[in-house]
Amino acid sequence: MAIQLVTTAAGLRAESARLLRQKGGTSQGLVPTMGALHAGHAQLARTAVAQNDVVVVSIFVNPLQFGEAVDLERYPRTLEADLALLEAEGVDLVFAPGVEEVYPGGEPMVRITAGPLAEKWEGASRPGHFDGALTVVAKLLHVGTPGAAARSQLPDYRAYFGQKDAQQLALVQRMVADLNFPVEIVPVPIVRSADGLALSSRNRFLSTEEHEAALVLSRALLLIEDRANAHEPLDLESARALVDSQPLVQLDYFEVVDPHTLEPLAENCKDTPFRGEGLALIAAKVGPVRLIDNVPLNS
Ligand code: AMP
């Protein structure tokens, strides 16, 4: 079936309900994105299509989560190519609203407060980012809620988020649990280019030289992962030094944290062998682009 584009919440509700009835479906999946789609987004869409009868992908560049106006303005917008990619994945509906549709009358007065989980890491460098991101995710989860399926049965409702944005994923999981959103959050592993760089819509702003330099981030994470798997001390300092040796890369943070609280696991990182569960998080500026990456550690 050809992919359908809707631009209003009312249109999305009507079309998704119609599709669910037409297919006799009992489940709906939502994949929130900001567009400029790549193979990472395609993996989210593919996972959603495999698990649900009706799949909606939203494309909305959310002004509330951008700090600098220039970052918002230059964020890539590639709707035609996005639709082709999603159609090839078997997505049913694309919800691509304008700013007026999402925020009629301007910015919302009432917002989600992301709380203490948002204070560190990305939140420390991007004040207000997670309040803005969670506010739009809350709205999208509401407008993407499926209507009643056949025989008035409540359909299953799942939403898909990439592990690439680990802090965002942790916050969305907390929001859904803490505020009782009736949706299952499904995490999807990071998709990388063949050379190891985590795919991001912003990678297109890297020069060839910067792209090459940025590979040190995934190399440093791999080093930590290997040490964790070998039950060796993680020795974060030496991994940080590897990143610092690359002059085009300005390291912001590189830490091993508890995957649920995002608090540093300092005692695991020095001279004791690593045991248990962790998440290695890294963020750096490379040329004009801020990059993030991470690797789950399970030893
Ligand atoms: P964005 O369009 O950048 O807001 O991302 C939309 C969704 O795609 C988020 O849940 C991201 O975590 C996810 N995503 C972005 N890049 C990747 C990637 N390389 N691998 C897996 N998921 C990703």
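Everything quoted here is computed from the prediction, not taken from an experiment.

(A) Expanded view of the overall build of the chain. The secondary structure content of the chain amounts to ten helices and nine strands. Over its C-alpha trace the chain gives a radius of gyration of 20 Å, about what one expects of a compact globule, namely 19 Å for 299 residues. Projected onto the principal axes, the alpha-carbon positions of the chain cover approximately 60 × 40 × 40 Å. Of all 299 residues assigned to the chain, the portion counted as buried reaches 52%. At a minimum sequence separation of 6, the contacts of the chain that also span at least 24 residues come to 71%. Summed over all atoms, the accessible surface of the chain reaches about 13900 Å², with 53% contributed by carbon and sulfur. For the chain, the distance from the average position of its 25 positive side-chain charges to the average position of its 38 negative side-chain charges is 4 Å.

(B) Broad picture of the sheet that holds strand β4 (residues 93-95). Strand order in the open sheet formed by six strands is β1-β4-β3-β2-β5-β6, with parallel pairing between adjacent strands. Each edge of the sheet is formed by a strand with only one pairing partner; in this case those strands are β1 (4-6) and β6 (184-188). With direction set aside, neighbouring strand axes in the sheet form an average angle of 25 degrees. Both strand β5 (residues 156-162) and β6 contribute to a ladder of five bridges, which runs parallel.

(C) Structural detail: the side chain of S200. Its location among the elements puts S200 in the loop between β6 and α9 (208-229). Among the polar contacts listed, one links the side chain of S200 to the backbone nitrogen of R202, at a separation of 3.0 Å. When residues no more than four places from it in sequence are discounted, the contact partners of S200 are H38 and K164.

(D) Representation of the domain arrangement of the chain within the structure. Each assigned domain of the chain is listed here: domain 1 (4-188) and domain 2 (201-293). Averaged C-alpha coordinates put domain 1 and domain 2 at centres separated by 28 Å. Contacts between domain 1 and domain 2 engage 21 residues on the former and 19 residues on the latter. Counting the surface lost from both domain 1 and domain 2, the interface buries some 1700 Å², and carbon and sulfur atoms represent 56% of this. When residues of domain 1 are sorted by the area they lose upon contact with domain 2, R74, W121 and E122 head the list and together hold 38% of the total. The interface formed by domain 1 and domain 2 holds three salt bridges in total. One salt bridge in this structure joins E263 and K120, with 3.2 Å as the shortest N-O distance. Counting every contact that joins domain 1 to domain 2 gives nine residue pairs in polar contact (both at pLDDT 80 or more).

(E) Seen up close, unusual backbone geometry. Phi is positive for N180, which is not a glycine, with a value near 55 degrees. In this fold, N180 is placed in the loop between α8 (166-178) and β6. Despite not being glycine, D235 shows a phi value in the positive range, around 45 degrees. Note on placement: D235 falls in the loop between α9 and α10 (236-244).

(F) Here's a closer look at the packing of aromatic side chains. The final tally for this structure, using the stated rule, is three aromatic pairs. When the ring of F60 is compared with that of Y103, the centres are 6.1 Å apart and the planes differ by 55 degrees; the resulting orientation is tilted. One end of the pair, F60, is in the loop between β3 (54-59) and α3 (69-74); the other, Y103, is in the loop between α5 (99-102) and α6 (122-125), with 43 residues separating them in the sequence. Neither residue differs from the other here; F60 and Y103 are each classed as buried.

(G) Quick peek at the pairing of strand β8 (residues 277-286). In terms of burial, β8 is largely enclosed, as eight of its ten residues are buried. Of the pairings in the sheet, the one linking strand β7 (residues 249-257) to β8 comprises eight bridges and is antiparallel in character. Across the sheet, the residue bridging to V249 is V286, located in β8. Pairing geometry for β8 and strand β9 (residues 289-298), over ten bridges, is antiparallel. Directly across from V286, in β9, lies its bridge partner V289. Connecting the antiparallel pair β8 and β9 is a turn made up of two residues, with G287 showing a positive phi of about 55 degrees.

(H) Here's a closer look at the site of the ligand. Around the ligand, a shell composed of 16 residues is seen, among which M34, G162, D165, V191 and L199 lie nearest. At 2.8 Å from an oxygen atom of the ligand is found a main-chain nitrogen or oxygen belonging to G162. Contacts to the ligand include D165, whose side-chain N or O atom sits 2.6 Å from an oxygen atom. Relative to its unbound accessible area of 480 Å², the ligand is 92% covered by the protein chains. Broken down by element, the residue count for the shell around the ligand peaks at three residues, all from helix α2 (residues 39-51). Of the residues belonging to the shell around the ligand, the class tally is nine nonpolar, five polar and two charged.

What counts and how
- Residues numbered from 1 in each chain as written.
- Predicted model: local features only at pLDDT ≥ 70, side-chain atom pairs only at ≥ 80, totals over all residues.
- Heavy atoms only, no water.
- Helix = DSSP H or I, 4+ residues; strand = E, 2+ residues; numbered from the N terminus.
- Rg over C-alpha atoms; globule rule 2.2 N^0.38 Å.
- Buried < 20%, exposed > 50% of the residue type's maximum accessible area, 1.4 Å probe, protein only.
- Contact = heavy atoms within 4.5 Å.
- Areas by Shrake-Rupley, 256 points an atom, 1.4 Å probe, with all protein chains shown as cover.
- Lys, Arg positive; Asp, Glu negative; His and termini not counted.
- Charge placed at Lys NZ, Arg CZ, Asp CG, Glu CD.
- Pairing = 2+ DSSP bridges.
- Axes fitted to C-alpha atoms, helices over the stretch in contact; angles between N-to-C directions.
- Polar contact = N/O pair within 3.5 Å; in protein donor to acceptor, adjacent residues only side chain to side chain.
- Domains from an automatic or database assignment.
- Buried area = accessible area lost by both parts, 1.4 Å probe.
- Salt bridge = Lys/Arg side-chain N within 4 Å of Asp/Glu carboxyl O.
- Phe/Tyr/Trp six-rings, centres within 6.5 Å; stacked < 30°, edge-to-face > 60°.
- Near = heavy atom within 4 Å.
- Nonpolar A, V, L, I, M, F, W, Y, C, P; charged D, E, K, R; others polar.

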